[in-house]
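Spelled out, the chains give:
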Amino acid sequence: QRQMCIRDRADWGDCTTPDGALLRDTWRSADAGDLAWNAERAELHLRPQVFRFTQGPQPTDLGLERRRGAARDRYGNWYWVDGSGTAIRVWSVGSERASAFWPPPEPAAPAPTAPGAFHSLAPPPAPGPLRLSGLTVTADHYLVVGVLEASGSGGLLVFDLHAGGMPRHVQWPAEAPFAPYDLAPTPGGGLVALDREGRRYWALDRNLRVIPAGQALAALPLATVDFQPVAGGPAQANAVRGFPTGFDLGLASPPLPDDPIAIEVLPDGSVLLLIDDPTRPFARVARYRGGEPAGTASLAVIQREVADAAGFTLRAYDMALVHGRPGGEHLLTVVGADGNQAYAFRLHVAHDELRLSAERTYLPMRLFGGRALVAAGGRVYYDIGERWTPLVAQARPRYVPRATLLTWVFDGRAPGCTWHRLMLDACLPPDATLRIWSCASDDPAVLTPEDSAQRWQEEPQPYLRTTGSELPYVGPAPGAYEGTYELLLQQARGRYLQLRIMVAGGAATTPRLHALRVYYPRFSYLERYLPAVYREDARSASFLDRFLANLEGILTGIEDRIAAANLLIDLRSAPPEALEWLARWFEIVLDPAWDERQRRLFVANAMTLFQWRGTARGILMALRLAFEPCAGETIFAASGGQSGRYRIVEQFRARRAPAAALGDPTEGGAPALVSEGAPWRPASGAADLERRYGAWLAARGHASDPQPPFPLRDPGGALSAAWQSFARATLGFVPPATPDEDALWRAYLAATYGAVAALNERHGTSYTDFAAVVAPLTPPPAGPVADDWLRFTEGLAASPETIDWLRWRAFLTRRYRRIRALNEAYGTAWPGFAAIPLPRIAPANGAALRDWYLFAGRVLPMHDTAHRFRVLLPNPQLAAGARAELQALQQEQLRLARRIVELEKPAHTEFSVRFYWAMFRVDEARLGDDTLLAASGRAALLAPPAALNDVYLGETFLAPGHPLNVPDRLVVGRDRLAARGAGPAPTESLFDAVPPPRRSHL
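Residues numbered from 1 in each chain as written. Predicted model: local features only at pLDDT ≥ 70, side-chain atom pairs only at ≥ 80, totals over all residues. Heavy atoms only, no water.

Trainee: Quick rundown of the overall build of the protein chain? Include the residues and the values.
Mentor: Across its full length, the protein chain carries 17 helices and 41 strands. The buried share among the 1002 residues of the protein chain stands at 45%. In the protein chain, 61% of the contacts between residues at least 6 apart in sequence involve partners at least 24 apart. (Helix = DSSP H or I, 4+ residues; strand = E, 2+ residues; numbered from the N terminus. Buried < 20%, exposed > 50% of the residue type's maximum accessible area, 1.4 Å probe, protein only. Contact = heavy atoms within 4.5 Å.)

Here is the structure:
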C-alpha cells in the first residue's frame, strides 16, 4: 500500500475553502478565513477570536476628563496626577507605598507676634494651586507635567528626578495658546505634548525647547519705552523682533481633525495619535511625521476578531505603545471607553503606510481607575487605586463556530483505484465535531466544485485508535481526546480523490488537525484469499470486503512493526522507550533527569565520551550534556577545549599564573606584589640576597649589627611580616613552612638513649638536656653521630611533619641520581640522599642555592595543587524577584554537577564546584558610579545583599548609568536659576535664550 500525506503548513496551505481560496492566502491577508495555523504546535484549528467582556445594563463609559497622565521611571517608581488635578503622587518601589510627591506640604503657621511688635497687616496672598494635565518621564529622567492656565496659555513643570530640588516652570507666551492634555517621551530624550483643545501637538527636544519645522517666525508687538529723557527727542521704540528659532507657534503641527485623545512616539520619531470621532463606531490612529500626515488606520480591524460581534463598537479612551517586537512590529494597546477591556494590535509602519492587525488576546481590566494606560519595561500597566498592575492576557479562548476545507486532489495512479483508509492525527474535544465527505472519480473534471457538488459521499465518523498511530513504533499521543483517528473509506473508487472536511466546536473549544494520511489501494482479503463465489453478489461482497478490512488493519500493523524492526537501532527513529534498551548495549543506565533529546545525544556519542572519560574534556562533555539547554553534536566535536560557559581550572596550572587568567575569577588572594628593582635570581648569589634583606630590614626599622643572614623559614616574632613581604617582593613567592628537623632529631635521640647522659657518652658531647640538641647542617664526621643521623633519616615515615623533607629527598634523587654527583656539585660528603636536610639559611654554594630555589618556588607549589581542580558553573538565570526559586535551582545544579564530576573524574583527584559570572571581587573590583552592592540586579540569583567574604561582585548587577554623567544634560534648578539670585525662581519662560550647561553634575 501507498499513502499520501498532509503533514505541515505548506500541505495544509494548499487546501482550499469552499469558495476556492487557498488557505495560505487567507492566513496572509488581514481578512483571515475561518481556519488558522498554529506554528508553535504545527496544527490547523478554527480561527480564534477575542473574548468580549459582558457589560452590565448600566453604561460605564469613562469620561476623558478623568485622564490625568502617569509614567514610570527607570527604577520602577510610579508618578501620576491625583484626582483633584492639582498635585502629583508617587508610588515608591523601595517602600511599596504611595505618597505625595508635589507640591510640598504647607509651612507651619507663624508664631503669634508679641504685643507692640511690628507685623504685617495682611498676610501675603498664597498662589492658587496649578491645574495639571498630562505626565511623562523622559529618557534623561525628567518628570514633565502639563500645566493648564486660566489665561489659555499653559506650560510645563519639569522635575529633575536625579538632581532633585524645586521644579522648573516653563510657560508658553500669551500669543501661543497651549493646553496640554497628554505627554509622551521621544527616543532622543525630548517629548511631545498633545493640545487636545487646540487640536495640535508640540514637539520638544531634550533641553525642552520647541523643535522648529521651517515655518516663518511670528512677530512680537512693539514694546513701549517707559522712561523718556528730560531733554532731547523721544526715545526710539524697541525694534520688532521674532521668537527665537525653534519657539514659534507655527512650529506646532497643523490642526488635527476630529478629537485627538492620546499621543505616542514611534522609534523613528514620528508621532502616533489616537483619534476618536463620536459619529463613528470605531476610533482610529493617525501617524504624523514633521507635522505632516503619514498614514492612518482604523480600529475596525478588531470587529471580525471579536466573538459575538453584533453591535460591537470600539470607542477609545487611551492607548500605550510597546516597541522592539520581533519583525519590526510594535504592540499597540487600546482601552475601550468603558474601561472594562483592552485590545491589542500589531502596528506595521512602512514609509507613509500605517497598518493594524488585531491580536487575538483577551485583556480584561479590573477596577480600572482611568488615570492612564502606560507602557513601561516592555509591558502595559493600568491603575487600580494607587497601585499599578500589568495588563495580563487571560486564557478565555473563543473560536468561530465552524469551518470547511477541501483537500487538494489525490492521484491514485490507477483507474478504478479503491481508496482504503484515512488516518487523521488530531485532537477532538467532547463538544467538537468532525465530518468527512469523499469524492472519487477517474475523470479529474468531475472533482471541480461545480461538478462534484452532487457526488460527495459522507463517510462514517472516525474513531480514536487505542493503540496509537498506525506508523510503526510511534507511541500513542498523550491526552484523552488526542491521537490518531481512523476511518475506513466506504465507496471511494476512482483514480482521483478529494476530501471535504468540516470541523465545528463549542465557543471555547476547537478541533486541532495535525496530519492526514490516505492509504491506497485497498489490500482486499476478499480478493486475495477467498474463492470467487464470495464475490458474486455485489452487495454482500462489499460488506464482506469492509468487514475483513478490520482484520487486515490489525494484522497489517503487526507486519509493519516486524518489517520496520531496523528503526529500533537507529537513534533518529527509535522510539523513546527503546533508548534504555540501546543504552544497555554499552552496560550503562541513562540518567533519569535527562530528557529524550539528551538521551539520544548521549547514546549516539557514548564511545566518544568513554574515550575522554577521566579527562578535563570528558568532564566538560558530561557537564554540557546535562546543563546546556540546546546541547548538540558540538559538545563531542574534535576541537573540544574549554566551553565559554563551563570551565575546569586545574590547580597546578595556577601555581605561577593568576587563576583569573586561566578562567577562574573566583580564586581568592590579593594581586602579586612586584618590586621596582630587578627580582633576585640564584645566579646573583646568597651574598646579594643577604644584602637586599639587610637593606629591607633597615628601611623598616629592623637594622641590626651584625647583619643577619636571610632565613629560609619564617623567623616569627617582629620580623615575620617584614620577612614575608621581602620574600614576596624579591623572590616572587613566600618560602613554605618546612619541617622542624631539630624537634624531630631530639625526639629520635630521646627515644633512643632515654637520658642525656647516655647521649653525651655515646656522641662525646656535653648537652645539659635534649632541648640543646640541634640537627647537623653539614655532613657529620664518621662516627656515632653520623651513624645515628643516617639511621634517623632513613627511618623517617611519611607524615604531615615530614612530607616536605621526603619530597626534598626525592627531588634531589631525581635531579642527581647518584650521591657522588651531588657531593661534587655541593662540595660536601653526604653518605646518602636520605641524610640531606632542608637548608635553613641561604646556601653559599651556587648549586645548593639553585636547588632550594627550584624546590621551594616550583616543586612544593606543584605538589600542593597537584590532582586538584575546580569546576566553574554559570549562574542560573531566572526572572527578577524569584529568590526562593533561584536558590533552590542553585542547590540543585550544584548537587547535579558534583554527582557528574564524581562519576567522570579520575579516582585520585579532588575537586570543588563553584558558580561564577565576572572577574570582580568586592575587595579588588574597579567600581563605577552608582554601583549597587546592597541589592542584586543581574538575576534573581543575586537578590541576597552583597556581603564581604560571602558573595562575589560578579554575581550582582551594576545599576544603570547616571543621567547626570551626560555632558550636555540640563540640571533643573542649577546654573540658570543660580545666576538670577539665591533661591529658585517659580517661573521660567520657554523662550529664555540662556544655553544649557555643557558639563556633568555629580
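Back to the write-up after that little detour.
Trainee: Kindly report on the pattern of salt bridges, identifying the contributing residues and their values.
Mentor: Inspection of the entire model under this criterion finds 42 salt bridges. Glu904 serves as the salt-bridge partner of Arg613, at 3.6 Å between the closest nitrogen and oxygen. Taken together, the positions of Arg613 in the loop between α7 (606-611) and α8 (616-627) and Glu904 in helix α17 (residues 883-904) put the pair 291 residues apart, joining distant regions of the chain. Here Arg613 falls in the partly exposed class, since its relative accessible area comes to 46%. Residue classification places Glu904 among the buried positions, given a relative accessible area of 13%. We note a salt bridge from Asp742 to Arg840, for which the minimum N-O separation is 2.5 Å. Pair noted here: Asp742 is in helix α11 (residues 741-753) and Arg840 is in the loop between α15 (819-826) and α16 (846-865), with a separation of 98 residues, a long-range link. By the burial criterion, Asp742 is buried, and Arg840 matches it. (Salt bridge = Lys/Arg side-chain N within 4 Å of Asp/Glu carboxyl O.)

Trainee: Which residues make up the pairing of strand β16 (residues 259-265), and what are the values?
Mentor: Most of β16 is tucked away, with 7 of its 7 residues classed as buried. Judged from the 6 bridges that link them, β16 and strand β17 (residues 271-276) form a sheet pairing that is antiparallel. Within the sheet, the bridge partner assigned to Glu264 lies in β17 and is Leu272. (Pairing = 2+ DSSP bridges.)

Trainee: Before we move on, can you summarise the packing of helix α9 (residues 686-699) against helix α10 (residues 720-730) with the specific residues and values?
Mentor: Where α9 meets α10, the closest approach of the two axes is 10 Å, and the angle between their N-to-C directions is 130 degrees. Comparing their axes, α10 and α9 come out oblique. In this structure, α9 crosses over α10, and the sense of that crossing is right-handed. Here α9 contributes Leu689, Arg692, Tyr693, Trp696 and Leu697 to the contact with α10, which in turn contributes Ala722, Trp723, Ser725, Phe726, Ala729 and Thr730. (Axes fitted to C-alpha atoms, helices over the stretch in contact; angles between N-to-C directions. Parallel < 35°, antiparallel > 145°, perpendicular 65-115°, else oblique. Left-handed = near helix turned anticlockwise from the far one by under 90°.)

Trainee: Can you lay out helix α13 (residues 784-794) for me, pointing to particular residues and giving the numbers?
Mentor: Those residues of α13 lying buried are Ala786, Asp788, Trp789, Phe792 and Thr793. For α13, the buried positions fall inside an angular range of 165 degrees around the axis, keeping them on one side. Buried residues along α13 sit in contact with α11, α12 (756-763) and α14 (803-816). (Arc of directions from axis to C-beta.)

Trainee: How would you sum up the sheet that holds strand β26 (residues 379-384)? Please name residues and give values.
Mentor: Ordered by their spatial adjacency, 3 strands build an open sheet running β25-β26-β27, and the pairing between neighbours is antiparallel. Looking at which strands have only one partner, the edges of the open sheet turn out to be β25 (373-376) and β27 (387-390). Sheet twist, expressed as the average angle between the axes of neighbouring strands with direction ignored, equals 40 degrees. Here 4 bridges tie β26 to β27, and the two strands are oriented antiparallel to one another. Note on β27: the bridge partner recorded for Tyr382 is Thr389.

Trainee: An account of the environment of Glu292 is requested, with residue identities and associated values reported.
Mentor: Among the structural elements, Glu292 can be located in strand β19 (residues 292-298). For Glu292 and Val271, which are 21 residues apart along the polypeptide, the C-alpha to C-alpha distance reads 9.9 Å.

Trainee: Account for the nonpolar core, naming residues and giving values.
Mentor: Judged by nonpolar contacts, the single largest core of 43 residues is most densely connected at Leu274, Val285, Leu299, Ile302, Leu332 and Phe345. Elements with a contribution of two residues or more to this core: β16, β17, β20 (316-322), β21 (330-336), β22 (341-350), β23 (353-358) and β26. Here the element with the most residues in this core is β20; it accounts for 6 residues. Setting aside residues up to four positions removed in sequence, Ile302 forms contacts with Val50, Phe282, Phe312, Leu314, Tyr343, Phe345, Ala358 and Glu359. Ala583, Ile619, Ile635 and Leu873 belong to the second largest nonpolar core, which has 38 residues in total. (Core = buried A, V, L, I, M, F, W, Y, C linked by side-chain atoms within 4.5 Å.)

Trainee: Can you explain unusual backbone geometry? Please cite residues and give values.
Mentor: Residues Trp102 and Pro103 are joined by a peptide bond in cis, for which omega reads 0 degrees. Following the sequence through the fold, Pro103 ends up in the loop between β8 (97-102) and β9 (131-137). A positive phi is found at Ala42, a non-glycine position, where the angle reads about 55 degrees. As for its position among the elements, Ala42 is in the loop between β2 (35-38) and β3 (43-46). With a phi close to 70 degrees, His141 is a non-glycine residue in the positive phi region. Mapping His141 onto the fold places it in the loop between β9 and β10 (142-148).

Trainee: Describe α12, listing the residues and the values that go with them.
Mentor: Within the sequence span of α12, burial applies to Val756, Leu759, Asn760 and His763. All buried residues of α12 lie within an arc of 100 degrees about the axis, which places them on one face of the element. Where the residues of α12 are buried, they touch α11 and α13.

Trainee: Which residues make up the packing of α11 against α12, and what values go with them?
Mentor: Contact geometry of α11 with α12 gives a least axis separation of 9 Å together with a crossing angle of 95 degrees. Between α11 and α12, the angle is such that the two are roughly perpendicular. Packed against α11, whose contacting residues are Trp745, Leu749 and Tyr753, the element α12 presents Ala758, Leu759, Arg762 and His763 at the interface. In the contact of α11 with α12, the residues fall into 5 nonpolar, 1 polar and 1 charged. (Nonpolar A, V, L, I, M, F, W, Y, C, P; charged D, E, K, R; others polar.)

Trainee: Kindly report on the sheet that holds β16, identifying the contributing residues and their values.
Mentor: Read from one edge to the other, the open sheet built from 4 strands follows the order β16-β17-β18-β19, with strand pairing classed as antiparallel. In this open sheet, the two edge strands, each paired with only one partner strand, are β16 and β19. Averaged over all adjacent pairs, the angle separating strand axes in this sheet is 25 degrees, with direction ignored.

Trainee: Which residues make up the environment of Leu697, and what values do they have?
Mentor: For Leu697, the position within the fold is in helix α9. Taking relative accessible area as the criterion, Leu697 reaches 2% and is therefore assigned buried. Beyond its immediate stretch of four places on either side in the chain, Leu697 contacts His702, Ala703, Pro708, Leu719 and Ala722.

Trainee: Could you give me a rundown of the packing of aromatic side chains, with the residues and numbers involved?
Mentor: According to the stated counting rule, one finds 44 aromatic pairs in the structure shown. Seen from their ring centres, Trp78 and Trp388 are 4.8 Å apart, and the 5 degrees between their planes marks the pair as stacked. Placement of Trp78 in strand β6 (residues 78-81) and of Trp388 in strand β27 is noted, with a sequence separation of 310 residues between them. Each ring, one from Phe368 and one from Tyr382, has its centre 5.9 Å from the other, and the planes form 85 degrees; the classification is edge-to-face. Of this pair, Phe368 sits in the loop between β24 (363-364) and β25 while Tyr382 sits in strand β26, and the two are 14 residues apart along the sequence. Of the two residues, Phe368 and Tyr382, both sit in the buried class. Directly above the ring of Trp696 sits Arg700, whose terminal nitrogen or CZ lies 3.5 Å from the centroid. (Phe/Tyr/Trp six-rings, centres within 6.5 Å; stacked < 30°, edge-to-face > 60°. Lys NZ or Arg CZ within 6 Å of the ring centre and 35° of its normal.)

Trainee: I'd like to hear about the side chain of Ser133, residue by residue, with values.
Mentor: Relative to the helices and strands, Ser133 is located in strand β9. Polar contacts involving the side chain of Ser133 include one to the main-chain carbonyl oxygen of Pro180, which spans 3.2 Å. Setting aside its immediate chain neighbours within four residues, Ser133 contacts Arg68, Gly146, Leu148, Pro180 and Tyr181. (Polar contact = N/O pair within 3.5 Å; in protein donor to acceptor, adjacent residues only side chain to side chain.)

Trainee: Report on the confidence of the model for the protein chain, specifying residues and quantitative values.
Mentor: Confidence in the prediction of the protein chain, expressed as mean pLDDT, is 79, and 79% of residues score 70 or more. Across residues 918-944, where pLDDT falls below 50, the model places 68 contacts with residues more than four positions away in sequence or in other chains. (pLDDT = per-residue confidence, 0-100.)

Trainee: Can you explain a nonpolar patch on the surface? Please cite residues and give values.
Mentor: Together, Ile554, Leu555, Ile558 and Ile562 line one region of the surface with nonpolar side chains, adding up to about 400 Å² of accessible area. By the secondary structure assignment, Ile554 is in helix α4 (residues 538-563). Residue Ile554 is classed as exposed on the basis of its relative accessible area, which comes to 55%. (Patch = residues over 30% accessible without salt bridge, like charges linked within 9 Å, V, L, I, M, F, W, Y side chains within 5 Å. Areas by Shrake-Rupley, 256 points an atom, 1.4 Å probe, with all protein chains shown as cover.)

Trainee: Before we move on, could you go through the environment of Leu568 and cite the residues and values that matter?
Mentor: Relative to the helices and strands, Leu568 is located in the loop between α4 and α5 (579-583). In this structure Leu568 touches Tyr473, Ala574, Pro575, Ala578, Trp581 and Leu582, once residues within four positions along its chain are discounted.

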